Every structure is written in C-alpha cells, then in structure tokens.
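Each chain, letter by letter, is given below.
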Amino acid sequence: MSIPEYLDHLEEFQEVAYQYRHGYPLVKPELVNGLPTKMRRLHKWYTRASEEGANWIYVGYKNEHYGNGDGMIMIEFSELFQLYQQDAIDKSIVSAYCL
C-alpha cells in the first residue's frame, strides 16, 4: 500500500474531537445522563443559562479564600466545557475548584 493510500484509509478511522458550541451540551449528548450528580446539575444550569443568552458563570469568593478581599471570578462557558472534557483547563477553573 502506498503512503497516499494509507493516509486516505487513516482518515476513515479518525474521530473528530467534540467541540464547544454555545448552547449545546458540554459533553456528547449520549454521556449527559452518565455525569455525576453535581456535574449533571451544573450542566442543567448551563443549558438554561445559555438559552437565556448568558456566556459566563460568576463565582464569588471571600477574603478568607484568597486573602485579598472579597471578589468574583468569571468563568466563560467555553472554559467550563474544557473541564467537562478534562482537557486543557484555564486557571479560573482551577481557582474556582480550589474554593
């Protein structure tokens, strides 16, 4: 088999990674019901919020958590998608998890 023939056949077996699209499930639709309870609740909230046009989750924190006063962290839905995919995670996700 030649290299071009091999590459043509290779494309048949490559799976395209699930991509974030606003308003669509954060995981493949067939996996939603298998999510742990709290992740499923957050996914349900995300679904409602995205239908209303939201693009962010606002997470509040207190002085005792960071030591620099009370504040908010904004987490974009695309970063939440990364968490659900267990992919490259933004520092705001890690910060919110640590809270």
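All values derive from a computational prediction rather than experimental measurement. (Residues numbered from 1 in each chain as written. Predicted model: local features only at pLDDT ≥ 70, side-chain atom pairs only at ≥ 80, totals over all residues. Heavy atoms only, no water.)

Draft legend 1. Highlighting the overall build of the protein chain. Scanning the protein chain from terminus to terminus reveals five helices and two strands. Counting helices and strands in the order they occur from the N terminus, the protein chain gives α-α-β-α-β-α-α. Taken over 99 residues, the protein chain has a buried fraction of 19%. Taking the contacts inside the protein chain whose residues are at least 6 apart along the sequence as the reference set, 35% of them involve residues at least 24 apart. Here the protein chain displays about 7600 Å² of accessible surface, and carbon together with sulfur accounts for 53% of that area. (Helix = DSSP H or I, 4+ residues; strand = E, 2+ residues; numbered from the N terminus. Buried < 20%, exposed > 50% of the residue type's maximum accessible area, 1.4 Å probe, protein only. Contact = heavy atoms within 4.5 Å. Areas by Shrake-Rupley, 256 points an atom, 1.4 Å probe, with all protein chains shown as cover.)

Draft legend 2. Representation of the nonpolar core. Membership of the largest hydrophobic core comes to 14 residues, with the highest contact counts inside it found for Leu26, Val27, Tyr46, Ile57, Phe77, Leu80 and Tyr84. Sorting the residues of this core by element identifies α2 (37–51), β1 (56–61), β2 (71–76) and α4 (77–85) as the ones contributing at least two each. The leading source of residues in this core is α4, at four residues. Ignoring anything within four residues of it in the chain, the contact list for valine 27 reads Tyr18, Val32, Leu35, His43, Tyr84 and Gln85. (Core = buried A, V, L, I, M, F, W, Y, C linked by side-chain atoms within 4.5 Å.)

Draft legend 3. Region of interest: the packing of α2 against α4. Orientation of α2 relative to α4, taken along the N-to-C sense of each, is 155°, at an axis distance of 12 Å. Classified by the angle between their axes, α2 and α4 sit roughly antiparallel to one another. Judged by the sense of rotation from one axis to the other, the crossing of α2 with α4 is left-handed. Residue-level inspection shows Met39, Leu42, His43, Trp45, Tyr46, Ala49 and Ser50 of α2 in contact with α4, the latter providing Phe77, Leu80 and Tyr84. Of the residues belonging to the contact of α2 with α4, the class tally is eight nonpolar, two polar and no charged. (Axes fitted to C-alpha atoms, helices over the stretch in contact; angles between N-to-C directions. Parallel < 35°, antiparallel > 145°, perpendicular 65-115°, else oblique. Left-handed = near helix turned anticlockwise from the far one by under 90°. Nonpolar A, V, L, I, M, F, W, Y, C, P; charged D, E, K, R; others polar.)

Draft legend 4. A look at the confidence of the model for the protein chain. For the protein chain, mean pLDDT is 83; residues scoring 70 or higher make up 80% of the total. For the protein chain, helix α5 (residues 91–98) is the element with the lowest average pLDDT, namely 65, and α2 is the one with the highest, namely 94. (pLDDT = per-residue confidence, 0-100.)

Draft legend 5. Spotlight on α2. The end-to-end C-alpha distance of α2 is 21 Å, a good match for the 21 Å that 15 residues give at a rise of 1.5 Å each. Tucked inside the fold, the buried residues of α2 contact α4. Directly beyond the C-terminal end of α2, a positive phi value near 95° is found at glycine 53. (Expected span 1.5 Å × (residues − 1).)

Draft legend 6. Spatial organisation of the packing of aromatic side chains. Summed over the entire model, instances satisfying the criterion amount to four aromatic pairs. With a centroid separation of 5.9 Å and an interplanar angle of 35°, the aromatic rings of tyrosine 18 and phenylalanine 81 are classed as tilted. Separated by 63 residues along the polypeptide, tyrosine 18 in the loop between α1 (3–13) and α2 and phenylalanine 81 in helix α4 bring together distant segments of the chain. Of the residues examined, phenylalanine 81 reaches a relative accessible area of 8% and is grouped as buried. Grouping aromatic residues by their ring pairs yields a cluster made of Tyr18, Tyr20 and Phe81. If you follow arginine 21 out to its NZ or CZ, it ends over the ring of tyrosine 24, 3.8 Å from the centre. (Phe/Tyr/Trp six-rings, centres within 6.5 Å; stacked < 30°, edge-to-face > 60°. Lys NZ or Arg CZ within 6 Å of the ring centre and 35° of its normal.)

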